[in-house]
Amino acid sequence: MNRSLEDSVEFSYNPEPRCPCVLLLDTSDSMRGAPMDELNAGLWTFRNNLMKDPIASKRVDVAIVTFSSRVEVVQDFVPINRFQPPTLISSGYTHMGTGIHEALNQLQSYKKALRELEVDYFRPHVFLITDGKPEGEPEELIVSAAERIFTEESKKSVLFFGIGVRGADIARLSRIVVRPPIDLSAQSFQQMIDYLSKSVSALSQARYESEDQRPLPPPGSFS
């Protein structure tokens, strides 16, 4: 990933350490209709909530990777104040394993760019949000994605969170991610995104290396 001069100038202007965050979003056919409309609206809630936080608004850099029958990087890493949420469209199967690999690839490239620019950063976060389970791709690809999450977590290279919403197979998800997945099936996408943005705000304010290992606050813990 090549960073532009504009990025270098922005990093010079804002010397805060960065909290890279990848939203790894399920856009398969099961998301068609109201769920996708809610998710698109929720991305604006995510941005606006973080912009209200004086610390998170300077530290959080966000990227979006979507997975269906295709895996796409629909948003490269940008500071939250430059994040303009895309309009996502649902279709196809749930190529979750391929999506996980792509999200981790994006993080690897971005961390390299930050190091080259001598910009400090917190341990990056990936938030996998799905309403289903892997579908339409070889099982060995899903296994390799799970193994890669385990390896990257063991090296303390990433904090990877699985979040299951309506219809998600939490038991299946728990065999892919390291830490227990968060079950938000009883909440709307708007509530889920509101919860997620507040969690990111909390995670971006860690002061010490040990603090950035803490789990997400449980649902309902925010006022």
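Our structure is the block above this text.
So, a few notes on the structure that sits alongside this text.

Parameters and conventions
Counting restarts for each chain, with residues numbered from 1 along the sequence as it is written. Local features in this predicted model are restricted to residues whose pLDDT is 70 or higher, and side-chain atom pairs enter the listing and the counts only when it is 80 or higher, whereas totals over whole chains, interfaces and linings include all residues. Hydrogens are left out, water is left out, and the side-chain values use all remaining heavy atoms of the structure. Any carboxyl oxygen of Asp or Glu within 4 Å of a side-chain nitrogen of Lys or Arg constitutes a salt bridge here. Secondary structure elements are defined from DSSP: runs of H or I of at least 4 residues count as helices, runs of E of at least 2 residues count as strands, and each element is numbered from the N terminus. Exposure is judged per residue with a 1.4 Å probe applied to protein chains only, and the accessible area is read against the type maximum: over 50% gives exposed, under 20% gives buried, and values in between give partly exposed. Whether two strands pair depends on DSSP finding at least two bridges between them. A helix's residues, less one, multiplied by 1.5 Å, set its expected span.

1. Re the pattern of salt bridges
Tallied over the entire structure, the rule returns 10 salt bridges. Put simply, R179 and E153 hold a salt bridge, and the shortest N to O gap is 2.6 Å. Linking R179 in the loop between α6 (170-174) and β6 (182-183) with E153 in helix α5 (residues 139-154), this pair joins segments that are 26 residues apart in sequence. The pair R179 / E153 is uniform in exposure class, with both members buried.

2. A closer look at the pairing of strand β3 (residues 71-79)
Both faces of the sheet carry side chains from a regular strand, because those side chains alternate between them. With six bridges joining them, strand β2 (residues 60-67) and β3 adopt antiparallel strand pairing. Among the inter-strand pairings, V62 is bridged to a residue of β3, identified as V78. The loop that links β2 with its antiparallel partner β3 comprises three residues.

3. Re helix α7 (residues 189-203)
With 15 residues, α7 extends 21 Å from end C-alpha to end C-alpha; this agrees with the ideal 21 Å at 1.5 Å per step. Listed in full, the buried residues belonging to α7 are F189, M192, I193, Y195, L196, S197, S199, V200, S201 and L203.

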